[in-house]
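In case you want the letters, here they are:
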Amino acid sequence: MNVRPAKDADAAEIAFIFNHYVATSHSTFVTEPADTPLILEMIADSAALGHPFLVCDDDGDVLGYAYARRFRQGAAYDRTLELSVYVRPGAHEHGIGARLYAAMMDQLRADGVHSAVAVIALPNDASVGLHEKFGFRRVGTIREAGAKFGRWFDVGIWQYLLSDESLPN
Ligand SMILES: CC(C)(COP(=O)(O)OP(=O)(O)OC[C@H]1O[C@@H](n2cnc3c(N)ncnc32)[C@H](O)[C@@H]1OP(=O)(O)O)[C@@H](O)C(=O)NCCC(=O)NCCS
């Protein structure tokens, strides 16, 4: 098993994993399935912007993926990235999320990213546990931020500061 950058050939498996959660879970607020071209576009955008898009590869099978993207628009946000991670149904609790995050955090540090953010629709003990294992702390809550399956969900904001760098005045 190894963690490596996503390739175009992974797109269909990534779509399969994501679409499981689109259909069954509030862990994503997306409600329409993603097709392979959309994932190809995400992989290409990440590469163009230099944002990590990683997969956990087990002998050619994608067991999970994680990627980082801008948190919000506006140049002042350039060094804050929002993370997402999804592990293949049936492959949970085998250390795949942790492998992806270990590689992700290494890459974010190497890239000079200052702040990593995760927006977690609650409840989600597994995602909270994963993020807190990697040092993220809860910094806020947006109440009833999304509606899916006929009910409201709060989202919690978790953050990890990768550096204590101060900026020149
Ligand atoms: C969240 C998710 C990515 C975790 O991946 P995973 O491969 O199952 O996690 P790992 O086995 O690597 O576990 C890493 C840590 O996460 C935490 N964790 C994982 N599953 C957990 C659970 N069911 N309850 C509480 N903590 C859990 C633990 O802290 C664990 O560390 P430990 O093994 O030292 O106790 C996975 O559950 C998933 O894909 N969930 C659905 C999609 C999702 O919610 N994505 C996040 C959106 S914000």
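Bear in mind that the values here come from a model prediction, so they are computed numbers and not experimental data.

Peer 1: How would you explain the pairing of strand 5 (residues 115-121) if you had to name every residue and give the values?
Peer 2: Most of strand 5 sits inside the fold, with six of its seven residues counted as buried. Pairing between strand 4 (residues 80-87) and strand 5: three bridges, direction parallel. What sits directly across from Leu 81, in strand 5, is Ala 116. For the handedness criterion, the β-α-β arrangement of strand 4, helix 3 (residues 96-110) and strand 5 is classed as right-handed. Examined bridge by bridge, strand 5 and strand 7 (residues 151-161) share seven bridges and lie antiparallel to one another. Along strand 7, the bridge assignment pairs Ser 115 with Leu 161.

Peer 1: Please provide a residue-by-residue account of the packing of helix 1 (residues 11-24) against helix 2 (residues 36-49), values included.
Peer 2: Two elements in contact, helix 1 and helix 2, have axes separated by 8 Å at closest approach and are oriented at 110 degrees. Between helix 1 and helix 2, the angle is such that the two are roughly perpendicular. Counting all contacts with helix 1, which are made through Ala 11, Ala 12, Ile 14 and Ala 15, the residues of helix 2 involved are Thr 36, Ile 39, Leu 40 and Ile 43. Counted by class, the contact of helix 1 with helix 2 contains seven nonpolar, one polar and no charged residues.

Peer 1: How would you explain the site of the ligand if you had to name every residue and give the values?
Peer 2: Around the ligand, a shell composed of 20 residues is seen, among which Val 85, Glu 93, Gly 97, Asn 124 and Lys 133 lie nearest. One nitrogen or oxygen atom from the main chain of Gly 97 is found 2.8 Å from an oxygen atom belonging to the ligand. Take Lys 133: an N or O atom from its side chain is 2.7 Å from an oxygen atom of the ligand. Coverage of the ligand by the protein chains reaches 75% of its 920 Å² of free accessible surface. For the shell around the ligand, the secondary-structure elements that each account for two or more residues are strand 4, helix 3 and helix 4 (125-133).

Peer 1: Tell me about the packing of aromatic side chains, residues and numbers included.
Peer 2: This model, assessed by the stated rule, comprises eleven aromatic pairs. With a centroid separation of 5.1 Å and an interplanar angle of 20 degrees, the aromatic rings of Phe 53 and Tyr 67 are classed as stacked. Of this pair, Phe 53 sits in strand 2 (residues 53-58) while Tyr 67 sits in strand 3 (residues 61-70), placing them 14 residues apart in sequence. A ring pair is formed by Tyr 101 and Phe 136, whose centres lie 6.3 Å apart and whose planes are at 40 degrees; its orientation type is tilted.

Peer 1: Run through helix 2, naming residues and quoting values.
Peer 2: Between the first and last C-alpha of helix 2 there are 20 Å, a value that for 14 residues agrees with the 20 Å anticipated at 1.5 Å per step. Residues Ile 39, Ile 43 and Ser 46 constitute the buried set of helix 2. Taken end-on, helix 2 shows its buried residues confined to a sector of 65 degrees, consistent with a single buried face. Facing away from the buried side of helix 2, by more than 90 degrees, are the exposed residues Pro 37, Ala 48 and Leu 49. In this structure, the buried side of helix 2 is in contact with helix 1 and strand 2. A positive backbone phi angle near 75 degrees is found at Gly 50, which sits one or two residues after helix 2.

Here is what the cut-offs are and how they apply
- Residues numbered from 1 in each chain as written.
- Predicted model: local features only at pLDDT ≥ 70, side-chain atom pairs only at ≥ 80, totals over all residues.
- Heavy atoms only, no water.
- Buried < 20%, exposed > 50% of the residue type's maximum accessible area, 1.4 Å probe, protein only.
- Helix = DSSP H or I, 4+ residues; strand = E, 2+ residues; numbered from the N terminus.
- Pairing = 2+ DSSP bridges.
- Right-handed = clockwise from strand over helix to strand, strands pointing away.
- Axes fitted to C-alpha atoms, helices over the stretch in contact; angles between N-to-C directions.
- Parallel < 35°, antiparallel > 145°, perpendicular 65-115°, else oblique.
- Contact = heavy atoms within 4.5 Å.
- Nonpolar A, V, L, I, M, F, W, Y, C, P; charged D, E, K, R; others polar.
- Near = heavy atom within 4 Å.
- Polar contact = N/O pair within 3.5 Å; in protein donor to acceptor, adjacent residues only side chain to side chain.
- Areas by Shrake-Rupley, 256 points an atom, 1.4 Å probe, with all protein chains shown as cover.
- Phe/Tyr/Trp six-rings, centres within 6.5 Å; stacked < 30°, edge-to-face > 60°.
- Expected span 1.5 Å × (residues − 1).
- Arc of directions from axis to C-beta.

Purely spatial values, then, with no claim about function.
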